[in-house]
Amino acid sequence: MRIGMAGPIVVSDFAAYLDRKSDCANLPVGLGGTPVNLLSLELLKRGHQLIIFTLDPSVNTELILEGKQLKIFVGPYRPKRARDFFRLEREMMEKAIRRERPTLVHAQWTYEFALATIAANVPHIVTAHDAPYQVLRHNFIPYRIARTLMAMKAIRQADCIAAVSPYVAKHLERFFFPRRMVDVITNGLPNSIFDDREWSERPKSGVLTFFTILNGWGGLKNGQVAIQAFAKLGETLRPARLVMFGAGHNPGGPAELWARERGLTDGIEFAGSVAYEILQSRICKECDILVHPSLEESQGMAIIESLSKGVPAIGGESAGAVPWTLDFGKAGMLVDVRSPEKVTAAMLTLVQNSELRKRLSVAGYRRTRRHFGIEAVADAYERKYEEILSER
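Below, the structure is looked at part by part. (Residues numbered from 1 in each chain as written. Predicted model: local features only at pLDDT ≥ 70, side-chain atom pairs only at ≥ 80, totals over all residues. Heavy atoms only, no water.)

### Thoughts on the overall build of the chain
Applicable threshold: Strands are runs of DSSP state E lasting at least two residues, helices are runs of H or I lasting at least four, and both sets are numbered from the N terminus onward. Values of the radius of gyration come from C-alpha atoms, whereas the globule rule sets the reference at 2.2 Å times the count of residues to the power 0.38. For every residue, the accessible area obtained with a 1.4 Å probe (protein chains only) is divided by the maximum for its type, and the residue is called buried under 20%, exposed over 50%, and partly exposed between those limits. Contacts: residue pairs with any heavy atoms within 4.5 Å of one another. All accessible-area figures derive from a Shrake-Rupley calculation using a 1.4 Å probe, and residue coverage is judged against the displayed protein chains alone.
Counting its regular elements, the chain contains 14 helices and 14 strands. Taken against the 2.2 N^0.38 rule, which gives 21 Å for 392 residues, the C-alpha radius of gyration of the chain at 21 Å falls within 12% of a compact globule. Principal axes of the C-alpha set define a box for the chain whose edges measure 65 × 45 × 40 Å. Within the chain, the proportion of its 392 residues that are buried is 57%. Once local pairs closer than 6 in sequence are excluded, the contacts in the chain between residues at least 24 apart make up 65%. Working note: accessible area of the chain is about 16700 Å², and carbon and sulfur atoms make up 51% of it.

Here it is, written out as structure tokens:
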């Protein structure tokens, strides 16, 4: 099948499928998008022809990268140009889609990629990765207002919509009135990410290490509670570490500045954004317990990536799809993540109860492998593609 994929990607992840491998060092970075990369790579592995329509702030005009099985169109991206609803980005992608005419286009997120795909008038499916009104409620700024209006239009006009969790599906059906019922197809992880090690009751690095993976500081991500909870834990437990991964948590970044102003940096490593492979390696080799203080998640890639390594997780009992991801407490601890005291209590419980920690490790690993494997995700999308084309 000749599939179009419209969404943010890490361009270098596709270097092996491009003809000009010698130029890989000069490839545009892309906008990220781990779920899109993983699904696209699985579809390529299955022999599909893939045309990816994506954006990058470093290019000024359309850039085309080609290989035998893959073609990538990279258009310019003006960060946060919500004033005109990303009109130039949408028009360029729509033009590229019309020119290529793939059999079907799979658009990721309900914003510029979805609107460009719908405007191109090709068979399509849109995957919703977030709950727009919830994001707006926690971050009520003009940019998010514009994004929500874009989502409203895309969701109401799309022929077919999938959501990454039941939580997102219910949100879309309740507030946005899509044309048809929303299918739930989760994000997925490749088999290579699962770690079949024996779960140890002792810290991997000799010092019990908590960690967070939060792309953004403040607002929905709620990282300050993780810092406060770790500081309270230090009154009872020493030594211990907290490693904070993700944008905004780099050395000298807003998270460290916030903690330093309050004298709460002891034992904390502000690691920031690191390469995906390095992150997975550090989780496997160093990290013992995930603390995920986010107030809302559409699914939680950070959670399932950690569970796939046999790492137990603490998440929010009312944080969107987090309870579902953690099997409503069977595969992780659920607490009120607005309360540093309650997060500290959960951290201390896992430290003191090695049987509970091991049980949650095993349960989380098994749930992730059973429900969040990329093969099952790709199977579901292939069936959906065929269904859409048969209806057309």
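### As for a nonpolar patch on the surface
Keep this limit in mind: The residues that make up patches have over 30% relative accessible area and no salt bridge, and they are joined within 9 Å when like-charged or within 5 Å when they are Val, Leu, Ile, Met, Phe, Trp or Tyr. A pairing counts as a salt bridge when a side-chain nitrogen of Lys or Arg comes within 4 Å of a carboxyl oxygen of Asp or Glu.
Together, Phe85, Phe140, Ile145 and Leu149 make up a nonpolar patch on the protein surface, roughly 370 Å² of accessible area in all. Mapped onto the fold, Leu149 is located in helix α5 (residues 142-157).

### Some details on the packing of aromatic side chains
Each aromatic ring pair is specified by the distance between its two centres and by the angle formed by the two planes. The cut-off we apply is this: Note on ring pairs: Phe, Tyr and Trp rings are taken, using the six-membered ring of Trp, and paired if centres are within 6.5 Å. Classes follow the plane angle, with under 30 degrees stacked, over 60 edge-to-face and the rest tilted.
For the structure shown, the criterion picks out seven aromatic pairs. Pairing Tyr133 with Phe176 gives two aromatic rings, centres 4.6 Å apart and planes at 20°, and the pair type is stacked. Separated by 43 residues along the polypeptide, Tyr133 in helix α4 (residues 132-138) and Phe176 in the loop between α6 (166-175) and β8 (183-184) bring together distant segments of the chain. Chaining the aromatic ring pairs together yields one cluster made of Tyr133, Phe175 and Phe176.

### A short note on the packing of helix α3 (residues 112-119) against α5
The condition that has to hold: Only the contacting stretch of a helix is used when fitting its axis, a line to C-alpha atoms as for every element, and angles between N-to-C directions run 0 to 180 degrees. Each helix crossing is assigned a hand: it is left-handed if the near helix lies turned anticlockwise from the far helix by less than a right angle, otherwise right-handed if that turn is clockwise. Throughout, the ten residues Ala, Val, Leu, Ile, Met, Phe, Trp, Tyr, Cys and Pro are labelled nonpolar, Asp, Glu, Lys and Arg are labelled charged, and all others, Gly among them, are labelled polar.
Running from N to C, α3 and α5 cross one another at 40°; their axes reach a closest spacing of 9 Å. Crossing angle aside, the handedness with which α3 passes α5 is left-handed. Contacts between α3 and α5 involve Glu112, Ala114, Leu115 and Ile118 from the former and Arg147, Met150, Lys153, Ala154 and Gln157 from the latter. Among the residues making up the contact of α3 with α5, the classes are represented as five nonpolar, one polar and three charged.

### Comments concerning unusual backbone geometry
The backbone phi angle of Arg101 is positive, close to 50°, even though this residue is not glycine. In this structure, Arg101 sits in the loop between α2 (87-100) and β5 (104-108). By relative accessible area, Arg101 is classed as partly exposed at 43%. At Asn222, a residue that is not glycine, the phi angle is positive and equals roughly 60°. By the element assignment, Asn222 lies in the loop between β9 (208-213) and α7 (223-234). What makes Asn222 buried here is its relative accessible area of 5%.

### Brief notes about helix α12 (residues 340-352)
Formally: A helix is expected to span 1.5 Å for every residue after the first.
When the terminal C-alpha atoms of α12 are compared, their 18 Å separation across 13 residues agrees well with the 18 Å that a helix rising 1.5 Å per residue should span. Among the residues making up α12, those that are buried are Pro340, Val343, Thr344, Ala346, Met347, Leu348, Leu350 and Val351. Tucked inside the fold, the buried residues of α12 contact β9, α7, β12 (289-291), β13 (313-316), β14 (333-335) and α13 (354-371).

### Focus: empty space enclosed by the protein
What counts is decided by this rule: Only protein atoms enter the 1 Å grid used here. Points where a 1.4 Å probe fits but cannot escape make up a cavity, open sets with protein on both sides within 12 Å along at least five of seven lines make up a pocket, and a residue lines them when an atom lies within 4 Å of a point. Grid points are joined across faces, edges and corners, and a volume is the space filled by probe spheres set on the points.
Under the defined criterion, the tally for this structure stands at two cavities of 30 Å³ or more. By volume, the largest cavity is sized at about 80 Å³. Pro35, Leu39, Thr186, Asn187 and Tyr381 are the residues nearest the centre of the largest cavity, which is lined by 14 residues in total. Of all the secondary-structure elements, those providing two or more residues to the lining of the largest cavity are α1 (34-45) and α14 (374-391).

### Re the state of the cysteines
Put plainly, a disulfide is one covalent bond tying together the sulfur atoms of two cysteines. Stated formally: Count a disulfide wherever a pair of cysteine sulfur atoms falls within 2.5 Å.
Taken as a whole and judged by the stated rule, the model has zero disulfides. Of all cysteine sulfurs, the one in Cys287 lies closest to Cys284, which takes part in no disulfide; the gap is 9.7 Å. Residue Cys284 is classed as partly exposed on the basis of its relative accessible area of 23%.

### Considerations on helix α9 (residues 276-286)
Our working rule: Taking the helix axis as origin, the arc is that swept by the directions to the C-beta atoms.
Looking only at α9, the buried set comprises Leu279, Gln280, Arg282 and Ile283. The arc that holds the buried residues of α9, viewed along the axis, is 165°, so those residues lie on one side. Exposed and facing more than 90 degrees away from the buried side of α9 are Glu277 and Lys285. Packed against the buried residues of α9 are β9, β10 (240-245), β11 (268-272) and α10 (301-307).

### Let's talk about the pattern of salt bridges
For the coordinates displayed, the defined rule picks out 26 salt bridges. For the salt bridge of Glu62 with Arg99, the shortest nitrogen-to-oxygen distance reads 3.1 Å. Of this pair, Glu62 sits in the loop between β2 (49-56) and β3 (63-66) while Arg99 is found in helix α2, placing the two residues 37 residues apart along the sequence. A relative accessible area of 26% places Glu62 in the partly exposed class. For Glu387, the salt bridge identified is with Arg180, shortest N-O distance 3.3 Å. With a gap of 207 residues between them, Glu387 in helix α14 and Arg180 in the loop between α6 and β8 connect regions that are remote in the sequence. Each of Arg180, Asp183, Lys384, Glu387 and Glu391 takes part in one network of salt bridges that share partners.

### Describing the sheet that holds strand β4 (residues 70-76)
Within a beta sheet, neighbouring strands are joined by backbone hydrogen bonds and run either parallel or antiparallel to one another. The test is simple: In short, DSSP must find at least two bridges between two strands for them to pair.
Strand order across the open sheet formed by eight strands is β3-β4-β2-β1-β5-β6-β7-β8, with mixed pairing between neighbours. The open sheet has two edge strands with one neighbour each: β3 and β8. The sheet strands contacting α3 are β1 (2-6), β2, β5 and β6 (124-128), and the helix crosses β5 at an angle near 155°. Against the sheet, α14 contacts β1, β5, β6, β7 (161-163) and β8, and its axis sits at roughly 140° relative to β6.

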